[in-house]
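# Chains, contacts and geometry: an overview
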Amino acid sequence: MMKKAGIIMINEKIREAEKNLLHIYNRFPITLDHGDGVYLYDTDGKQYLDFAAGIAVMGLGYHNRELEDALKEQITKLCHTSNLYYHENCGEAAEALNKASGMDKVFFTNSGTEAIEGALKTARKYAYLKQSGRYEFIAMEDAFHGRSIGAVSVTGTKAYREPFEPMLQGVHFAEYNNLDSVRALVNEKTCAIILEPLQGEGGIHPATKEFMEGIRKICDEQDILMICDEIQCGMGRTGFMFAWQEYGVKPDILTMAKAIGNGIPVGAFAVTEKVAEASMKPGDHGSTYGGNPLACMAVKKVLELFEKNQIVEHVNEVAPYLTQRLNELVEKYDCISERRGKGLIQGIVLTKNPVDVVKKALEQGLIMITAKEKTIRFVPPLIIEKKHIDEMIEKLECALTA
């Protein structure tokens, strides 16, 4: 591997192999080899402090031996059966996930996007069985829910939707944290309101308590379903196991993915008993790989380790220090206008191009990602310590001043 201007250049063999891929991702010019704890290492052995966690996926960090041992054992037994047969991991993972999320019934998918698709279908089936004639959705501006046509249809950024129009019909967008804008869109055709309790891709915006409570009230009064997308902000990241629990506002449908598998591809949507009894029936939905024995072992073991290692409690111990150090940066640098977020999902808004800062940080051995146009997003493994926050701040300051 050759180095140029502090960035590792991908060698010719890798470049040739990359030509076989459809060029959709804007990849950084490093080739990662392995990870351990909160660090990643490239093929030259250079160490990177990871404050992206695979986009909020690696909550337990890298090379967790207890999780790896459980997965290795499962691989030697059974990885796939199709969903025509029972296996113990699926039920046990569902039980653990419902206990953690406060929901009643769960359906496993392969990804967050698929979880959103299932949630949208469930909402429409619920309305169909009630013969209500409802089929429309209210979503939020700046929301992000995934990349399929259905998920993009409820994603509140035009740039994501326009190249693939026409979208799913009957979707209207309200202003996030503006309850009046939601009320103005509710009509006799509205079947569900979908939102993230904390917008991640949209710029790290937490919902207000009044907004969450107001939407719950609207839904209860109109027999509309409330869908909370916690694919990114769930699993302890906000300081609660799931973000809705801070507000005390339980959704009718909850979508999950990312950290529930700690790197193993798995998602889920969960529903209340009320919705379960009056929506999806056998044959309405399915997934060849969703809920397979390996993925469910990952979910089951991840949840076990979250409880055993008191991950949520740890987030609440270290998150105030991250908040403090980021606030110090806001005071110190004119190029940072504000800090947003909570727990270990936070962001700083820049007056300069955040992509340039992220690239400079990479040279310093720090991995970060952006959100929206001007925001640097901090979603590190949930196992970080204060010393890792100090290390991140030191590297980030070098990137900001380079």
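To start, this report covers the structure provided alongside it. Everything numeric in this text was worked out from a predicted model, so none of it was measured.

## Focus on the packing of aromatic side chains
Under the counting rule described, the total for this entry stands at three aromatic pairs. Considering the side-chain rings of Tyr 176 and Phe 211, the 5.6 Å spacing of their centres and the 65 degrees angle between planes classify their relative orientation as edge-to-face. Here Tyr 176, found in the loop between strand S8 (171–174) and helix H8 (179–183), pairs with Phe 211, found in helix H9 (residues 209–222); they are 35 residues apart in sequence, far enough to count as distant. Pair check on accessibility: Tyr 176 and Phe 211 agree, each one buried. One cation-aromatic arrangement involves Lys 386 over Tyr 321; the distance from NZ or CZ to the ring centre is 5.5 Å.

## Here we look at the sheet that holds strand S12 (residues 225–229)
What the seven strands build is an open sheet, ordered S6-S14-S13-S12-S9-S7-S8; its pairing is mixed. Looking along the sheet, the strands with just one partner apiece sit at the ends: strand S6 (105–109) and S8. Recorded for the sheet is a direction-independent mean angle of 20 degrees between the axes of neighbouring strands. Sheet topology note: the S6/strand S14 (residues 267–271) ladder contains five bridges and is antiparallel. Bridge assignment links Phe 108 to a residue of S14, and that residue is Ala 268. In the packing of helix H4 (residues 88–101) onto the sheet, the strands contacted are S6, strand S13 (253–256) and S14, and the crossing angle to S6 comes to about 120 degrees.

## Examining the pattern of salt bridges
Applying the stated criterion across every chain yields a total of 18 salt bridges. Its salt-bridge partner being Asp 284, residue Lys 125 comes within 2.3 Å of it at the nearest N-O pair. Linking Lys 125 in helix H5 (residues 112–129) with Asp 284 in the loop between helix H11 (273–277) and helix H12 (293–308), this pair joins segments that are 159 residues apart in sequence. For Lys 125, a relative accessible area of 15% puts it in the buried group.

## A few points about the nonpolar core
Counting residues in hydrophobic clusters, the biggest one holds 87 residues, and the most contacted among them are Phe 51, Met 140, Met 392 and Leu 396. When near neighbours in sequence (up to four residues on either side) are disregarded, Met 140 contacts Gly 156, Phe 173, Ala 174, Glu 175, Tyr 176, Val 182, Ile 193, Ile 194, Leu 195, Gln 199, Phe 211 and Ile 215. Grouped together as the second largest cluster of nonpolar side chains are 23 residues, Leu 120, Phe 137, Ile 227 and Val 275 included.

## Quick notes on unusual backbone geometry
For the bond from Glu 165 to Pro 166, the omega torsion is 5 degrees, close enough to zero to count as cis. Here Pro 166 shows up in the loop between helix H7 (158–161) and S8. With a phi close to 65 degrees, Ala 56 is a non-glycine residue in the positive phi region. For Gln 131, which is not a glycine, the phi torsion comes out positive at approximately 55 degrees. Examined against the element boundaries, Gln 131 turns out to sit in the loop between H5 and strand S7 (136–140).

## Observations regarding the side chain of Arg 340
Relative to the assigned elements, Arg 340 resides in strand S15 (residues 336–342). A polar contact is formed between the side chain of Arg 340 and the backbone oxygen of Gly 203, at a distance of 2.9 Å. Here the side chain of Arg 340 touches Ile 204 through a polar contact of 3.4 Å, landing on its backbone oxygen. Residues within four places of Arg 340 in sequence aside, it is in contact with Gly 203, Ile 204, His 205, Ile 345, Gln 346, Gly 347, Val 349 and Thr 375.

Reading the values: the criteria
Residues numbered from 1 in each chain as written. Predicted model: local features only at pLDDT ≥ 70, side-chain atom pairs only at ≥ 80, totals over all residues. Heavy atoms only, no water. Phe/Tyr/Trp six-rings, centres within 6.5 Å; stacked < 30°, edge-to-face > 60°. Helix = DSSP H or I, 4+ residues; strand = E, 2+ residues; numbered from the N terminus. Buried < 20%, exposed > 50% of the residue type's maximum accessible area, 1.4 Å probe, protein only. Lys NZ or Arg CZ within 6 Å of the ring centre and 35° of its normal. Pairing = 2+ DSSP bridges. Axes fitted to C-alpha atoms, helices over the stretch in contact; angles between N-to-C directions. Contact = heavy atoms within 4.5 Å. Salt bridge = Lys/Arg side-chain N within 4 Å of Asp/Glu carboxyl O. Core = buried A, V, L, I, M, F, W, Y, C linked by side-chain atoms within 4.5 Å. Polar contact = N/O pair within 3.5 Å; in protein donor to acceptor, adjacent residues only side chain to side chain.

All quantities given are derived from atomic positions and should not be read as evidence of function.
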